[in-house]
Every structure is written in C-alpha cells, then in structure tokens.
Amino acid sequence: MATNNKKLIELLAFGRALRKIRKENQLTQDELSLYSRVDRSYISELENGEKAPSLLTIISLAKALHIKPSVLIENFEMELED
C-alpha cells in the first residue's frame, strides 16, 4: 500500500511540473500535443497523475517545450519536495 501511495505522489509531482512548464511557455495541451507528437489526452493524463511517462515521452515533451529533459526532471524533483 505504501508503495502505491509513493507512486501516486510521484505521478502527481511529475504532472504538476509538466503543467507548470507548459503554462510558463503559454502552451495549451493541444499545442504541446502538436509540437511533441504526444496525444493530448495522454498529456492530460500525465498532468493529472494518471499515467507514468516513458523516457521517450519525456524527451519529446522537453523538445517541444524547448528545454533539456533534465530540466523537466529537476522540476519534478522540486515538486516532490513541496
């Protein structure tokens, strides 16, 4: 049970980090989907902590957001600390 709770916390933290960076770039989910070639509904699920991204998805999203994948991970880590 504790493992599932920790995973949920991590998924939610990644979703908050992704949403924050997307909004800082003034992009809608539709626009991020277009630029990243990641389905809009999947982006929504990521932002809501419902899905875990693969490494390739993180890379695609980062490229579309004009950041290094490590920046997305660093933001995820900051969200985990909050």
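Computed from a predicted model, the values in this text were never measured in an experiment.

Topic: the overall build of the protein chain
Working step 1: A tally of regular secondary structure across the protein chain gives 5 helices and 0 strands.
Working step 2: Sequence-ordered secondary structure for the protein chain, helices as α and strands as β, is α-α-α-α-α.
Working step 3: Taken over C-alpha atoms, the radius of gyration comes to 12 Å for the protein chain, in line with the 12 Å a tight globule of 82 residues would show.
Working step 4: On the principal axes, the C-alpha backbone points of the protein chain span a range of 35 × 20 × 20 Å.

Quick word on the pattern of salt bridges
Working step 1: In the structure shown here, the tally under the stated rule is 5 salt bridges.
Working step 2: Salt bridges sharing partners connect three or more residues here, namely Arg19, Arg22 and Glu47.

Quick word on a negative patch on the surface
Working step 1: Taken together, Glu74, Glu77, Glu81 and Asp82 make up a surface patch of like negative charges.
Working step 2: For aspartate 82, the location among the structural elements is in the segment after α5 (69-81).
Working step 3: A residue is classified by how much of its surface remains accessible, and aspartate 82, at 78% relative accessible area, is exposed.

Remarks on the packing of helix α2 (residues 29-36) against helix α4 (residues 55-64)
For any two helices packed against each other, one specifies the inter-axial angle together with the distance between the axes.
Working step 1: Put simply, α2 and α4 touch, their axes get as near as 8 Å, and they point 110 degrees apart. In terms of orientation, α2 and α4 fall into the roughly perpendicular class. Taken together, the residues of α4 that come into contact with α2 (itself represented by Leu32, Tyr35 and Ser36) are Ser60, Leu61 and Ala64.
Working step 2: Of the residues that constitute the contact of α2 with α4, the class distribution is 4 nonpolar, 2 polar and no charged.

Observations concerning the side chain of serine 36
Working step 1: With respect to the secondary-structure elements, serine 36 resides in helix α2.
Working step 2: Residue serine 36 is classed as buried on the basis of its relative accessible area, which comes to 6%.
Working step 3: Among the polar contacts made by the side chain of serine 36, one reaches the main-chain carbonyl oxygen of leucine 32 at a distance of 2.6 Å.
Working step 4: Contact partners of serine 36, with chain neighbours within four places excluded, come to Ile43, Ser60, Leu61 and Ala64.

A look at the environment of phenylalanine 76
Working step 1: Looking at the element boundaries, phenylalanine 76 is found in helix α5.
Working step 2: Placed 13 residues apart in sequence, phenylalanine 76 and lysine 63 show a C-alpha to C-alpha distance of 16 Å.
Working step 3: Excluding its chain neighbours within four sequence positions, the residues that come into contact with phenylalanine 76 are Glu10, Ala13, Phe14 and Ala17.

Parameters and conventions
Residues numbered from 1 in each chain as written. Predicted model: local features only at pLDDT ≥ 70, side-chain atom pairs only at ≥ 80, totals over all residues. Heavy atoms only, no water. Helix = DSSP H or I, 4+ residues; strand = E, 2+ residues; numbered from the N terminus. Rg over C-alpha atoms; globule rule 2.2 N^0.38 Å. Salt bridge = Lys/Arg side-chain N within 4 Å of Asp/Glu carboxyl O. Patch = residues over 30% accessible without salt bridge, like charges linked within 9 Å, V, L, I, M, F, W, Y side chains within 5 Å. Areas by Shrake-Rupley, 256 points an atom, 1.4 Å probe, with all protein chains shown as cover. Lys, Arg positive; Asp, Glu negative; His and termini not counted. Charge placed at Lys NZ, Arg CZ, Asp CG, Glu CD. Buried < 20%, exposed > 50% of the residue type's maximum accessible area, 1.4 Å probe, protein only. Axes fitted to C-alpha atoms, helices over the stretch in contact; angles between N-to-C directions. Parallel < 35°, antiparallel > 145°, perpendicular 65-115°, else oblique. Contact = heavy atoms within 4.5 Å. Nonpolar A, V, L, I, M, F, W, Y, C, P; charged D, E, K, R; others polar. Polar contact = N/O pair within 3.5 Å; in protein donor to acceptor, adjacent residues only side chain to side chain.

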